[in-house]
2 protein chains.
Amino acid sequence: MDKIPGLTEIKRAHTRISKYIEETPVLFSNSINEMVGAKVFFKCENFQRGGSFKMRGATNMIMGFTPEERRNGFATHSSGNHAQAVALAASLTGSKAYVVMPKDSSRVKIDAVKEYGAEITFCEPTEQARKKACDEIIEKTGAVFVPPFDDYRIIAGQATAAKELIEEVHELDYVISPVGGGGLAAGTAISASCLDPTIKVLLGEPKNADDTFQSLKAGKIKGVKNPNTIADGLKTTIGQKNFEIIQNYVEEVITVEEEEIISAMKLIWERMKIIIEPSCAVAFAAVLKVKERFAGKRVGVILTGGNVDVTNLPFK
Amino acid sequence: MDKIPGLTEIKRAHTRISKYIEETPVLFSNSINEMVGAKVFFKCENFQRGGSFKMRGATNMIMGFTPEERRNGFATHSSGNHAQAVALAASLTGSKAYVVMPKDSSRVKIDAVKEYGAEITFCEPTEQARKKACDEIIEKTGAVFVPPFDDYRIIAGQATAAKELIEEVHELDYVISPVGGGGLAAGTAISASCLDPTIKVLLGEPKNADDTFQSLKAGKIKGVKNPNTIADGLKTTIGQKNFEIIQNYVEEVITVEEEEIISAMKLIWERMKIIIEPSCAVAFAAVLKVKERFAGKRVGVILTGGNVDVTNLPFK
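### Re the interface of chain A and chain B
Between chain A and chain B, the residue contacts involve 24 residues of the former and 24 residues of the latter. Together, the buried faces of chain A and chain B total about 1900 Å²; carbon and sulfur atoms form 61% of this surface. At the boundary of chain A with chain B, the tally comes to two salt bridges. Residue A:Arg271 is joined to B:Glu115 by a salt bridge in which the shortest nitrogen-to-oxygen separation is 3.3 Å. Here chain A is connected to chain B by eight residue pairs in polar contact (both at pLDDT 80 or more). Considering each element in turn, the side of chain A that touches chain B owes the most residues, five residues, to helix H11 (residues 258-272) of chain A. A class-by-class count of the residues in the side of chain A that touches chain B yields ten nonpolar, six polar and eight charged.

See the structure below:
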């Protein structure tokens, strides 16, 4: 796939993955609606298989290959949800998964990747070491690399979350997702554009890792040096393909402070009784930050994942 | 209502409360199904308004009065979910709620009762002090007492949770709920009996507060002295009306240890990404304890509530 996915590609992705993923529920909370002054619909990808939306993109890519092409397995490097997604998606096709994880990855995430049957290689916690270890595995095994976000097949897969949301909840005025590498953000933007161009797409980003915000301002990709945020899934710099889509289809990036992320996360735990991870709370933190603009509107929020170590929480 | 509720009364309760409660979702988890070796369907009353199933019984009772009869408001004593339910149900009819809470009740629960607009009276943390304070309020105000469980109107209201579960998920072999005072337990038993008598009803109870288990053995109600369990909602002794129903309609009470409760709670948090309170985990702990008997079966579990202080969790 060498062009920006359109409705055909998103629909094809959805058909391809539908047997392997959950059509996650859309939930709401009366007390949150009152607090925001809007109708807020939460698309619960925290309930997705593998614990996050990442399962959609990884499954779309892996299922797009023939059994012959899948023979040597799949490889990726990730400390988080993408690792789990590739491990699980590969196991569903009976393929081998090789996952390079930084040696300081959380025990919970390592255990989950192991449980899905992937072969883990630990490396130093640098981008360079991760890529090197992954390249070596690919050379040795002939495994296919599954990129985390900068790929149209991944973007088309992630786009199916917003597709389900928009098809279930009519007449949304806004859809908002967090942005890290931009797989979900770009997918959400193209889904909205294809299915209902009147929907405005917003993104939430941690102030401490605001590469997408800065990149849009500069008109080109700008990384953030040593981003330090509790939203660990959003530290990555936006990908090239992702950036191009976001430039064209996203209305605005709203940045939020660390304490706003934690407080939004706690609010969702307490009011909705569901578990979301810090990265996931960023979109809702952005909604709370600029809630005036949503007065009386219908707002879809993509809750991205729920993989969090419940023995180590940021709540005071 | 002076006789055990049948299908007519349960249906009437459901119609009466349906505008005021959520029809909560039924969720499942592939990994939990694999772990148990059965299909386990979780009825998520932790998503109920007020945070627990208690909203059903309180609403059924309060909405059963005429506006004239509701004029002097409602009173109850409770440190937990029943307090929140009465406060919220009363506020939905525009009635006043008087809630007596032991002065050592958790801050989170006190705040929730306040937020629903109830007038709180604090008392010493003994059963006697609670009753005395509540009686005084009733004498002064003419408020109607809303009993927590030993009442057919309350039982018929709680029965609607199992009714929704059984109507949504066909061909269940078992339904299991926790048992404290027995409002939900008795309601679940009569719903199953009315709607599908082939369903076996089991109850989970903390070993450290096993009054229902002991009472069934003895053939009469036996209290447990100073029950000490993390499942704080299940410390109460079974009520008379509840006991009579349970004697006739429940197959067995399965008791579980404290560590089994905490471990079942953690499993549901981690695998299902939903927040449940310790009392709520007791039914699933019982399922895990005797999982052999569920091999290949369809098992409904009522998740009772999600009111937990997320800053103070029992996980290590």
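### Examining the environment of A:Leu7
Residues and elements named next belong to chain A. Tracing the chain through its elements places Leu 7 in helix H1 (residues 7-17). A residue is classified by how much of its surface remains accessible, and Leu 7, at 29% relative accessible area, is partly exposed. Between the C-alpha atoms of Leu 7 and Leu 195, which are 188 residues apart in sequence, the distance is 7.6 Å. In this structure Leu 7 touches Cys 194 and Leu 195, once residues within four positions along its chain are discounted.

### Quick word on the packing of helix H3 (residues 54-63) of chain B against helix H8 (residues 152-168) of chain B
Residue and element names in this part refer to chain B. Relative to each other, H3 and H8 sit at 135°, their axes nearing to 7 Å. Of the possible angle classes, the one that applies to H3 and H8 is oblique. In this structure, the crossing between H3 and H8 has a hand that is right-handed. Contacts from Lys 54, Arg 56, Gly 57, Ala 58, Asn 60 and Met 61 in H3 reach Arg 153, Ile 154, Ala 156, Gly 157, Gln 158, Thr 160, Ala 161 and Glu 164 in H8. Its residues assigned to classes, the contact of H3 with H8 shows five nonpolar, five polar and four charged.

### Description of the sheet that holds strand S2 (residues 39-44) of chain A
All names here are of chain A. Overall, mixed pairing links the six strands, which are arranged S1-S2-S10-S7-S8-S9 in an open sheet. Strands with a single pairing partner mark the edges of an open sheet, and in this sheet they are strand S1 (26-27) and strand S9 (252-256). Pairing geometry for strand S7 (residues 174-178) and strand S10 (residues 298-303), over three bridges, is parallel. Opposite Val 175, over in S10, you have Gly 300 as the bridge partner. Packing of H11 onto the sheet brings it into contact with S1, S2, strand S8 (200-206), S9 and S10, and relative to S9 it is tilted by some 90°. The strands that helix H12 (residues 278-289) touches are S2, S7, S8, S9 and S10; relative to S7, the one it contacts most, it runs at about 135°.

### Notes on the domain arrangement of chain A
Residues and elements named next belong to chain A. As assigned here, chain A comprises domain 1 (7-52 + 151-303) and domain 2 (55-145). Taken over C-alpha atoms, the centre of domain 1 sits 24 Å from the centre of domain 2. With 24 residues of domain 1 at the interface, the matching set in domain 2 holds 16 residues. On the domain 1 side of the interface with domain 2, the three residues burying the most area are Tyr 20, Gly 50 and Arg 153, jointly 33% of the side's total. Counting the contacts that link domain 1 with domain 2 gives two salt bridges. Taken together, the connections running from domain 1 to domain 2 amount to eight residue pairs in polar contact (both at pLDDT 80 or more). Contributions of two or more residues to the side of domain 1 that touches domain 2 are made by H1 and helix H7 (152-168). Per-element accounting of the side of domain 1 that touches domain 2 gives the leading share, eight residues, to H7. Considered class by class, the residues forming the side of domain 1 that touches domain 2 number seven nonpolar, eight polar and nine charged.

### What about the relation of the copies chain A and chain B?
In screw terms, the move from chain A to chain B is a rotation of 180° and a rise of 0.0 Å along the axis, fitting with an RMSD of 0.0 Å. Read as a symmetry element, the transformation amounts to a two-fold axis. For chain A, the residue whose C-alpha comes nearest the rotation axis is A:Ile274, separated from it by 2.1 Å. In this assembly the copies share their binding face: 100% of the residues contributing to the interface of chain A also contribute to that of chain B.

### A short note on the side chain of A:Thr160
Within the fold, A:Thr160 resides in helix H7. Apart from the residues within four sequence positions on either side, A:Thr160 is in contact with A:Ile10, A:Ala13, A:His14, A:Ile17 and A:Arg56.

### Describing the state of the cysteines
All names here are of chain B. What the rule picks out here adds up to zero disulfides over all chains. Cys 44 takes part in no disulfide bond, and the closest cysteine sulfur, belonging to Cys 280, lies 8.3 Å away. We classify Cys 44 as buried; its relative accessible area is 0%. Free cysteine Cys 134: the closest other cysteine sulfur is in Cys 123, separated by 9.4 Å.

What counts and how
- Residues numbered from 1 in each chain as written.
- Chains lettered and ligands numbered in written order.
- Predicted model: local features only at pLDDT ≥ 70, side-chain atom pairs only at ≥ 80, totals over all residues.
- Heavy atoms only, no water.
- Contact = heavy atoms within 4.5 Å.
- Buried area = accessible area lost by both parts, 1.4 Å probe.
- Salt bridge = Lys/Arg side-chain N within 4 Å of Asp/Glu carboxyl O.
- Polar contact = N/O pair within 3.5 Å; in protein donor to acceptor, adjacent residues only side chain to side chain.
- Helix = DSSP H or I, 4+ residues; strand = E, 2+ residues; numbered from the N terminus.
- Nonpolar A, V, L, I, M, F, W, Y, C, P; charged D, E, K, R; others polar.
- Buried < 20%, exposed > 50% of the residue type's maximum accessible area, 1.4 Å probe, protein only.
- Axes fitted to C-alpha atoms, helices over the stretch in contact; angles between N-to-C directions.
- Parallel < 35°, antiparallel > 145°, perpendicular 65-115°, else oblique.
- Left-handed = near helix turned anticlockwise from the far one by under 90°.
- Pairing = 2+ DSSP bridges.
- Domains from an automatic or database assignment.
- Least-squares fit on C-alpha atoms with pLDDT ≥ 70 in both.
- Disulfide = S-S within 2.5 Å.

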